Amino acid sequence: MNDVILHAFDWHYADIVNNAEKIAGLGYGAVLIPPPLYSKNDESGKEWWQRYQPKDYRILRSFLGNKADLERAIAALHGNGVRVYADIVFNHMANENRPDRGNFPGDAELQRYKLEREGFEKDRLYGSLDEGLFSPWDFNMDGNIQNWLDLHEATEHSLCGLPDLDINQWVIDQQRACLHELNKMQIDGYRIDAIKHLPEYHIRSVFETADMAGKYRFGEALTSNDKEEGAFLWPLFDNTCISFYDFPLHETLRRTFSPSGSMRELVDPAAFRQALPWWRAVTFSVTHDMSNNDGFRGVMLQPQDEYLANAYLMGRDGGVPLVYSDSNQSAGKYPEDRNRWVNSWMRKDITAMIRFHNAVHGMPQRSLFEDDGFIVFVRGDRGMVAINKTNHWQHPTIWTCDLLHQGAYRCQIHGHEMDVTGDHFTFAIPPREAQMWLYAGK
């Protein structure tokens, strides 16, 4: 089963419908859609971050489309054998400047529901739109997070002014009801936004219920060093059963591709807890938070290192790879990002890596050659990966008895062929390049 996730970051639902067949044809197994809940500035909110500020769980409507548009996107993807994962935001509500700021959706919005009843009823997910969803006593009132490494502050204080929900039974019931109805719409799984700001009790009460059995759930616990991972990620990993973005592996990749780093670290990073165990890891080279937020730009890889990282993530055994594809959302503030991830989902190098990944999925990984500047490893009896981070050609020699097949191999990225015969074979890996070879026969 194909498993690569396309993060259709801030895509309109219509664009997902129009590209569903191609998404499946390129080998993706799932699409992560934007947060679907009615959010800040309603259907006029053009900025991506507005999707991450919900104001009513009971309505599916945004600048990207309404409930019917979402239903069409789900049907189009399912019709092509692709699963649908929804980005869900349950830590906080929208930061809105209005007198009744602690009430959601607020008096003005409730009045609008009455005036436009027919339209809002079509977009209603559950519940009565004649009454409010949350009141001031459903929120924590202790101010913003000041100490980002303090677990109590991180889970009980507000994230940069966003009203932080108190996880009382009413809030839990509403979140369960929301997920129940999304499940009925055939959502296959959920990305849990800002999971490190949710108490463990909240995660277990909402995301580890019988209603969520069989759903793929993965959390975004954004960390950038061992101390943060020890405070937030590993406790959640050890005490829940959901999967997580593999930030430890991303940190390992950053260290590996630094001038003083060693590629030997990538042989088996999980053995040293420098990566999550393969069965609960979502792997990535970049996320939308990194590209769009000042505070996380420092953990981004350089473009060529990102390319090499993608080859490693798609070539290795373990984890569910995620491919980020945007529409230049970050380029307005960071001109150097222009077109860096636009249509990356169908870029030649990415689709070649997906072909390799799908062809060797589930096959064991074994190291053939390892050095500080480059590595070569084999996947079962079908594929080989070579990655060279240095500025020089590398020519490692392997004994071919380590391979189950001798004969022709074809690089999925570059289209070259090589003939592996005899007792030993010497690779030629160009500077700052990756090769992903699949067995092509005798």
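Residues numbered from 1 in each chain as written. Predicted model: local features only at pLDDT ≥ 70, side-chain atom pairs only at ≥ 80, totals over all residues. Heavy atoms only, no water.

Peer 1: Could you give me a rundown of the pattern of salt bridges, with the residues and numbers involved?
Peer 2: In total, this model carries 31 salt bridges according to the counting rule given. The residue lysine 55 makes a salt bridge to glutamate 96 at a minimum N-O spacing of 3.9 Å. On the criterion of sequence distance, the pair formed by lysine 55 in strand E4 (residues 54–62) and glutamate 96 in the loop between strand E6 (83–88) and helix H3 (107–115) is long-range, its members being 41 residues apart. Comparing lysine 55 with glutamate 96 shows no difference in burial state: the two are buried. It is possible to trace a salt-bridge network through shared partners that takes in Glu43, Lys55, Arg61, Glu96, Arg98, Asp100, Glu109, Arg112, Glu116 and Asp123. (Salt bridge = Lys/Arg side-chain N within 4 Å of Asp/Glu carboxyl O. Helix = DSSP H or I, 4+ residues; strand = E, 2+ residues; numbered from the N terminus. Buried < 20%, exposed > 50% of the residue type's maximum accessible area, 1.4 Å probe, protein only.)

Peer 1: Quick one: what's the story with the packing of aromatic side chains, residue by residue and with numbers?
Peer 2: Counting across every chain of the model gives 27 aromatic pairs. Here the aromatic rings of phenylalanine 9 and tryptophan 48 are separated by 5.6 Å at their centres, their planes lie at 55°, and the arrangement is tilted. In this pair, phenylalanine 9 is assigned in the loop between strand E1 (5–8) and helix H1 (13–25) and tryptophan 48 in the loop between strand E3 (37–39) and E4, connecting sequence segments 39 residues apart. Across this residue pair, the class does not change: phenylalanine 9 and tryptophan 48 are buried. Ring geometry for phenylalanine 9 against tyrosine 324: centres 5.5 Å apart, planes inclined by 45°, an arrangement best described as tilted. Linking phenylalanine 9 in the loop between E1 and H1 with tyrosine 324 in strand E11 (residues 320–325), this pair joins segments that are 315 residues apart in sequence. With a relative accessible area of 3%, tyrosine 324 lands in the buried category. Feature note: the residues Tyr57, Phe90, Phe104, Phe134, Phe139 and Phe207 constitute an aromatic cluster, connected by ring pairs. (Phe/Tyr/Trp six-rings, centres within 6.5 Å; stacked < 30°, edge-to-face > 60°.)

Peer 1: Please set out H3 residue by residue, giving values where relevant.
Peer 2: If you check which residues of H3 are buried, you get Glu109, Leu110, Arg112 and Tyr113. For H3, the angular spread of buried residues about the axis comes to 155°, placing them on one side. Exposed positions of H3 whose direction lies more than 90 degrees from the buried face are Asp107, Ala108 and Leu115. Structurally, H3 contributes buried residues whose contacts are with E3, E4 and helix H4 (117–122). (Arc of directions from axis to C-beta. Contact = heavy atoms within 4.5 Å.)

Peer 1: Kindly report on the packing of H1 against helix H2 (residues 67–79), identifying the contributing residues and their values.
Peer 2: Relative orientation and spacing of two packed helices are given, respectively, by the angle between their axes and the distance between those axes. Contact geometry of H1 with H2 gives a least axis separation of 8 Å together with a crossing angle of 5°. With respect to their mutual orientation, H1 and H2 come out roughly parallel. On H2, the residues touching Tyr13, Ile16, Val17, Ala20 and Ile23 of H1 are Asp69, Leu70, Arg72, Ala73, Ala76 and Leu77. Counted by class, the contact of H1 with H2 contains nine nonpolar, no polar and two charged residues. (Axes fitted to C-alpha atoms, helices over the stretch in contact; angles between N-to-C directions. Parallel < 35°, antiparallel > 145°, perpendicular 65-115°, else oblique. Nonpolar A, V, L, I, M, F, W, Y, C, P; charged D, E, K, R; others polar.)

Peer 1: Could you give an account of the sheet that holds strand E19 (residues 433–441), naming the residues involved and the relevant values?
Peer 2: Pairing in this open sheet of six strands is antiparallel, and the strands run E12-E13-E14-E19-E16-E17 from one edge to the other. Either end of the sheet is taken by a strand with one partner, and the two such strands are strand E12 (365–370) and strand E17 (417–420). For this sheet, the mean angle separating the axes of adjacent strands, direction not counted, is 25°. With four bridges connecting them, strand E16 (residues 407–411) and E19 associate as antiparallel partners. Bridging from a neighbouring strand, tyrosine 409 pairs with tyrosine 439 of E19. Docked against the sheet, helix H11 (residues 303–315) engages strand E13 (374–379), strand E14 (383–388) and E19, running at close to 35° with respect to E19. Of the strands in this sheet, E13, E14 and E19 touch helix H12 (residues 348–360), which is tilted by about 50° from E19. (Pairing = 2+ DSSP bridges.)

Peer 1: Please provide a residue-by-residue account of the side chain of aspartate 123, values included.
Peer 2: By the secondary structure assignment, aspartate 123 is in the loop between H4 and helix H5 (151–156). Apart from residues lying up to four places away in sequence, aspartate 123 is in contact with Arg58, Ile59, Leu60, Arg61, Asn66 and Lys67.

Peer 1: Can you tell me about the sheet that holds E4, naming the residues and giving the values?
Peer 2: If you walk across this open sheet you meet the three strands as E3-E4-E5, and the pairing is antiparallel. Only two strands of the sheet have a single partner each, and these edge strands are E3 and strand E5 (65–66). Sheet topology places E4 next to E5; two bridges connect them, and they run antiparallel. Counted as the bridge partner of serine 62 is glycine 65 from E5. Across the sheet, H3 touches E3 and E4, and the angle it forms with E4 is around 40°.

Peer 1: Explain the pairing of E12 to me, using residue names and the numbers behind them.
Peer 2: Examined bridge by bridge, E12 and E13 share five bridges and lie antiparallel to one another. Following the sheet pairing, arginine 366 is matched in E13 by valine 378. Where E12 hands over to E13, the hairpin turn is made up of three residues, counted between the paired strands.

Peer 1: Quick rundown of the state of the cysteines? Include the residues and the values.
Peer 2: Counting across every chain of the model gives zero disulfides. The thiol sulfur of cysteine 241 is not disulfide-bonded, and the nearest other cysteine sulfur, from cysteine 178, lies at 19 Å. Residue classification places cysteine 241 among the partly exposed residues on the basis of a relative accessible area of 48%. (Disulfide = S-S within 2.5 Å.)

Peer 1: Which residues make up the nonpolar core, and what values do they have?
Peer 2: Counting 107 residues, the largest nonpolar core has Tyr57, Leu182 and Met384 as the members making the most contacts within it. Judged by nonpolar contacts, the second largest core, of 23 residues, contains Ala30, Trp48, Leu222 and Val282. (Core = buried A, V, L, I, M, F, W, Y, C linked by side-chain atoms within 4.5 Å.)

Peer 1: Which residues make up the packing of helix H6 (residues 169–184) against helix H7 (residues 200–207), and what are the values?
Peer 2: Close contact between H6 and H7 brings their axes to 9 Å; oriented N to C, the two are set at 40°. Looking at the two axes, H6 sits oblique to H7. When you trace H6 past H7, the crossing you get is right-handed. Listed contacts from H7 to Gln169, Ile172, Gln175, Arg176 and Leu179 of H6 are Tyr201, His202, Ser205, Val206 and Phe207. Each residue belonging to the contact of H6 with H7 can be placed in one class, and the counts come to five nonpolar, four polar and one charged. (Left-handed = near helix turned anticlockwise from the far one by under 90°.)

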